[in-house]
Amino acid sequence: MRMPTAAKLFGCAGLATTAGITTVSLLQYLPAGTKTEGVLGVSIAFGVLLGWRVIGPARMRGYGAAVSVGCRAAFYLTICVLGFLGALQMLHRAMLMRYDGPMDALTDVIAQGAHVGLEVFRPDIVVMLFVGAVVTTMLSRWAGSRWP
């Protein structure tokens, strides 16, 4: 098991903060009736996990590599949060008996996540997410070179 590093700590804290701020901004664009219980906590948890596992251990040899790692982390974060929102919508619909079987419900997770993703696909949300992740990566790179 590897020891925690400053780069992992900065990646973890930065991406969790980015996820929290982006999620709070994203909630205003969700369609009426969308279930959002726990999405803020889950998005912050995904930010912590992805900051620790994707940004922290990355070997960045320049700013181009840092931008690439930041964009990859932001993409992973988007997929995870939309997957959670899709699963939340599917569970709500399953309680209303809207599915014929379990495969119908599981395939609807992707459809519900894509529907929510299209509703919140706004330039301010995308810019906030990707700029936050890239800044986090730059800070993680700085911390990793300062405190190895």
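Residues numbered from 1 in each chain as written. Predicted model: local features only at pLDDT ≥ 70, side-chain atom pairs only at ≥ 80, totals over all residues. Heavy atoms only, no water.

Draft legend 1. Spatial organisation of the overall build of the protein chain. Scanning the protein chain from terminus to terminus reveals five helices and zero strands. With the C-alpha coordinates of the protein chain rotated into their principal frame, the extents come out at 55 × 35 × 20 Å. Looking at the protein chain residue by residue over its 148 residues, the buried ones come to 40%. On the protein chain, roughly 8,600 Å² of surface is accessible, and the fraction owed to carbon and sulfur atoms is 68%. Averaged over its 12 positive side-chain charges, the protein chain has a centre that lies 24 Å from the centre of its 6 negative ones. (Helix = DSSP H or I, 4+ residues; strand = E, 2+ residues; numbered from the N terminus. Buried < 20%, exposed > 50% of the residue type's maximum accessible area, 1.4 Å probe, protein only. Areas by Shrake-Rupley, 256 points an atom, 1.4 Å probe, with all protein chains shown as cover. Lys, Arg positive; Asp, Glu negative; His and termini not counted. Charge placed at Lys NZ, Arg CZ, Asp CG, Glu CD.)

Draft legend 2. Broad picture of the packing of helix α2 (residues 39-55) against helix α3 (residues 63-95). Two elements in contact, α2 and α3, have axes whose closest approach is 10 Å; the angle formed by their N-to-C orientations is 145°. As α2 packs across α3, the resulting crossing turns out to be right-handed. Listed contacts from α3 to Val39, Val42, Ser43, Phe46, Gly47, Leu50, Val54 and Ile55 of α2 are Val69, Arg72, Ala73, Tyr76, Leu77, Cys80, Val81, Phe84 and Leu85. (Axes fitted to C-alpha atoms, helices over the stretch in contact; angles between N-to-C directions. Left-handed = near helix turned anticlockwise from the far one by under 90°. Contact = heavy atoms within 4.5 Å.)

Draft legend 3. View of the packing of aromatic side chains. Taken as a whole and judged by the stated rule, the model has four aromatic pairs. A ring pair is formed by phenylalanine 75 and tyrosine 76, whose centres lie 6.4 Å apart and whose planes are at 50°; its orientation type is tilted. Taking relative accessible area as the criterion, phenylalanine 75 reaches 47% and is therefore assigned partly exposed. Given the relative accessible area of 35%, tyrosine 76 is considered partly exposed. Linked through ring pairs, Phe10, Trp142 and Trp147 together constitute an aromatic cluster. (Phe/Tyr/Trp six-rings, centres within 6.5 Å; stacked < 30°, edge-to-face > 60°.)

Draft legend 4. Up close: α3. A rise of 1.5 Å per residue sets the reference length of α3, with its 33 residues, at 48 Å; its end C-alpha atoms lie 48 Å apart and thus fit the reference within 8%. Of the residues flanking the end of α3, it is methionine 97, one or two places downstream, whose phi is positive at about 60°. (Expected span 1.5 Å × (residues − 1).)

Draft legend 5. Structural detail: the side chain of glutamine 89. Of note, glutamine 89 is situated in helix α3. Within the structure, glutamine 89 has its side chain in polar contact with the backbone oxygen of lysine 35 (distance 2.8 Å). Those residues within four positions of glutamine 89 in sequence are excluded, and the remaining contacts are Gly33, Thr34, Lys35, Gln112 and Val116. (Polar contact = N/O pair within 3.5 Å; in protein donor to acceptor, adjacent residues only side chain to side chain.)

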